[in-house]
Amino acid sequence: MTTAAGARRVRLTSTGGPEVLRVEAMPVPEPGPGQILITTEAAGVAFHDISTRQGLTPGALPEVQGFDVVGHVARVGAGVAEFTVGQRVGALIGAGGYATHVLAPALRTAPLPEGPPAEHLDALMLNYLTAWQMFHRVARPAPGEAVLVLGAAGGVGSALSQIATAAGVEVYGTSSPGRRGRVQAGGATWVADQAAVPVPVAAVFDPVGGPSLARSRRAAKPSGVVVSYGFSFATGVGYSKAGAMARTVGALLRAKLTPGPRVVVHTVARAVDKDPAGFRADIAALVEQLAAGAIKPEVVTLPLEQAAEAHRRLENREVEGKLVLVP
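Cut-offs applied
- Residues numbered from 1 in each chain as written.
- Predicted model: local features only at pLDDT ≥ 70, side-chain atom pairs only at ≥ 80, totals over all residues.
- Heavy atoms only, no water.
- Pairing = 2+ DSSP bridges.
- Helix = DSSP H or I, 4+ residues; strand = E, 2+ residues; numbered from the N terminus.
- Axes fitted to C-alpha atoms, helices over the stretch in contact; angles between N-to-C directions.
- Contact = heavy atoms within 4.5 Å.
- Buried < 20%, exposed > 50% of the residue type's maximum accessible area, 1.4 Å probe, protein only.
- Right-handed = clockwise from strand over helix to strand, strands pointing away.
- Parallel < 35°, antiparallel > 145°, perpendicular 65-115°, else oblique.
- Nonpolar A, V, L, I, M, F, W, Y, C, P; charged D, E, K, R; others polar.
- Core = buried A, V, L, I, M, F, W, Y, C linked by side-chain atoms within 4.5 Å.
- Domains from an automatic or database assignment.
- Salt bridge = Lys/Arg side-chain N within 4 Å of Asp/Glu carboxyl O.
- 1 Å grid on protein atoms, 1.4 Å probe; cavity = no way out; pocket = protein on both sides within 12 Å on 5 of 7 lines; lining within 4 Å.
- Points joined across faces, edges and corners; volume = space filled by probe spheres on them.
- Buried area = accessible area lost by both parts, 1.4 Å probe.
- Polar contact = N/O pair within 3.5 Å; in protein donor to acceptor, adjacent residues only side chain to side chain.

Within an unreviewed UniProt entry, the label attached to the protein reads Enoyl reductase (ER) domain-containing protein, and the organism entered is Actinophytocola xanthii.

This is the structure in C-alpha cells:
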C-alpha cells in the first residue's frame, strides 16, 4: 500500500445507527491479479447498506460499505488487459465504495463514456442495471402487458418504471401517498398497494420481501412472476438477523409450495459474476438509453464526509431516486 494526500474512507465501526460511520484517512491499496484501482468520482448508497449497518444482512460486517462506484483507472493488476490507466469505468464491488480509492474486480467493471455526469452513470451501475436485468432478463413482459412496481418512487423502482415504459409495457406503481405525483411523473399509474391493481399483471417487482411476497403473488397472473430483490420489511422494526432470515426463507418456501405465480430472487452481483460479458452489454445498452433520453436518473448527491447523513435520509425514506456520495 501507498499513501496519497487526501485519501480517505468511511469506515463502518460496528452495527448501529448512522453515527457508527466514521470518516478517516486511508492508505491507497495496490491492485492484485485481476483487479484495478479506481479513483472515485461517485459512490452509490443503497438500501442494502442500511440493513447491513443495522446488522440484518447475512455475512461478515464490511469495513467499508458501498456497492457501486464510478471513476477512473489509476492502476491495473497483473492479468488485466481490457482496461488502461486513465480510462473511465464503473464497477460493482460489493463493498468498499465509500472511499476515494477503491479496488475492483476487473470482471465486475465496465467501460463508461467521459461525457455524462459521474453521478448519473453511477445510477446506471446498480439501480438501473438491477432494473434492466429484472425486466429484460428475468420477467420479460411483452409490449402491452402490465407490471407492478413496488416502491416506484425509489431508486430501482423509478428506474423500472422508465425502462418498462420505454419497452411499451403498462406500469402500476406503489408509494406513500405523498410520493404519488413522483410515481405518476415516472410514467406509472399510482396504486396504494398490491390489492389495488385493477388487472392481474405479468410481473411484480418486490423489494420488500417476507410477507409482501404472498400479496405480490395475488396481484400477478397465474403464469406471471414475482421478482424479489430485497427485504426492506425487516428494517427499523426490531427484527434480529436470524428473525429476518427466518421470515424471508419461510415466505420463499411458502411460495414454492403453493400454486400460482413463481417467485424469482434476483441478486445483481450473482448475475454479473455469472455473465460478465452480459453485464457489460447491459451497461452499454443503458448508456445508449441515457444518451437518447429514454431514461433520466434522478440523483441526490452528498459529500463523502456526509455518509452518515446519507444513511439517515435513506433510512427515513427522504430520498427520491439515487443517492450518491462524491469525494
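Q: Mind showing me how you'd approach the sheet that holds strand E11 (residues 201-206) here?
A: Sheet strands line up and pair through hydrogen bonds in the backbone, either parallel or antiparallel. Spatial strand order, E10-E9-E8-E11-E12-E13: 6 strands in an open sheet with parallel pairing. Single-partner strands in this sheet number two, and they are strand E10 (189-191) and strand E13 (262-265). Shown here is a sheet whose adjacent strand axes are inclined to one another by a mean of 20°, direction ignored. Here 4 bridges tie strand E8 (residues 146-149) to strand E9 (residues 170-174), and the two strands are oriented parallel to one another. Looking at E9, one finds that Val147 is bridged to Val171. Along the sheet face, helix H3 (residues 155-166) touches E8, E9 and E11 and points at about 170° away from the line of E8.

Q: Whenever I open this one, the side chain of Thr100 confuses me. Can you help?
A: Take Thr100: it is sitting in the loop between strand E5 (88-92) and strand E6 (101-105). For Thr100, a relative accessible area of 7% corresponds to the buried category. Those residues in contact with Thr100 that sit more than four places away from it in its chain are Gly6, Ala7, Arg8, Met26, Ile38, Thr39, Thr40, Leu304 and Pro327.

Q: Can you walk me through the pairing of E9 in this structure?
A: Along a regular strand, successive side chains alternate from one face of the sheet to the other. Among the 5 residues in E9, 4 count as buried, and that is most of the element. Taken together, E8, H3 and E9 constitute a β-α-β crossover, and its handedness is right-handed. Pairing between E9 and E10: 3 bridges, direction parallel. Paired with Tyr172 across the strands is Thr189, a residue of E10.

Q: What is the right way to look at the packing of helix H2 (residues 118-139) against helix H8 (residues 276-292) in this model?
A: How two helices sit against one another is set out by the angle between their axes and by the gap between those axes. Here H2 crosses H8 at 110°, and the two axes come no closer than 9 Å. By the angle between their directions, the pair H2 and H8 is classed as roughly perpendicular. Along its contact with H2, which presents Leu121, Leu124, Met125, Tyr128, Leu129, Trp132, Gln133 and Arg137, the element H8 presents Gly278, Phe279, Asp282, Ile283, Ala285, Leu286, Val287, Gln289 and Leu290. Taken together, the residues of the contact of H2 with H8 sort by class into 12 nonpolar, 3 polar and 2 charged.

Q: Please explain the nonpolar core as it appears in this structure.
A: Judged by nonpolar contacts, the single largest core of 51 residues is most densely connected at Leu92, Leu160, Phe205, Ile283 and Leu286. Elements with a minimum of two residues in this core: H2, E8, H3, E11, strand E12 (220-228), helix H7 (268-274) and H8. Per-element accounting of this core gives the leading share, 14 residues, to H2. The two domains that each donate at least three residues to this core are domain 1 (8-112 + 297-325) and domain 2 (125-268). Other than its neighbours up to four places away in sequence, Leu286 contacts Leu124, Tyr128, Leu129, Trp132, Ile163 and Ile295.

Q: Just to check I follow, could you spell out the pattern of salt bridges for this structure?
A: Should the charged atoms of two oppositely charged side chains come close, the side chains can pair. Evaluation of the coordinates by the stated rule reveals 16 salt bridges. Residues joined in a network through salt bridges with shared partners are Arg9, Arg11, Glu24 and Glu63.

Q: How should the layout of surface pockets be read in this particular structure?
A: With a probe scaled to a water molecule rolled over the atoms, the places where space remains empty come into view. For the second largest pocket, the calculated volume is near 270 Å³. Residue lining of the second largest pocket: 13 residues in total, with Arg9, Pro29, Val64, Gly96 and His101 positioned closest to the centre. A total of 3 residues in the lining of the second largest pocket trace back to one element, the largest contributor, which is E6. Tallied by class, residues from the lining of the second largest pocket come to 9 nonpolar, 2 polar and 2 charged.

Q: Which parts of the structure should I look at to understand unusual backbone geometry?
A: Here the phi dihedral of Arg140 falls at roughly 50°; this positive angle occurs in a residue that is not glycine. In this fold, Arg140 is placed in the loop between H2 and E8. With a phi angle near 55°, Arg317 is a residue other than glycine that sits in the positive phi range. With respect to the helices and strands, the residue Arg317 is situated in the loop between helix H9 (307-315) and strand E15 (322-326). You can call Arg317 partly exposed: its relative accessible area is 44%.

Q: I keep staring at the domain arrangement of the protein and nothing clicks. Help me out?
A: How big an interface is tends to be stated in terms of accessible area lost as the parts join. Its domain assignment divides the protein into domain 1 (8-112 + 297-325) and domain 2 (125-268). Using C-alpha coordinates to define each centre, domain 1 is positioned 26 Å away from domain 2. Taking both partners together, domain 1 and domain 2 bury about 1,700 Å²; carbon and sulfur atoms supply 64% of that area. It is Leu56, Leu92 and Glu320 in domain 1 that bury the most area against domain 2; as a group they hold 30% of the surface buried on that side. At the boundary of domain 1 with domain 2, the tally comes to 1 salt bridge. A salt bridge links Glu298 to Arg182; its shortest N-O distance comes to 2.1 Å. Taken together, the connections running from domain 1 to domain 2 amount to 4 residue pairs in polar contact (both at pLDDT 80 or more).

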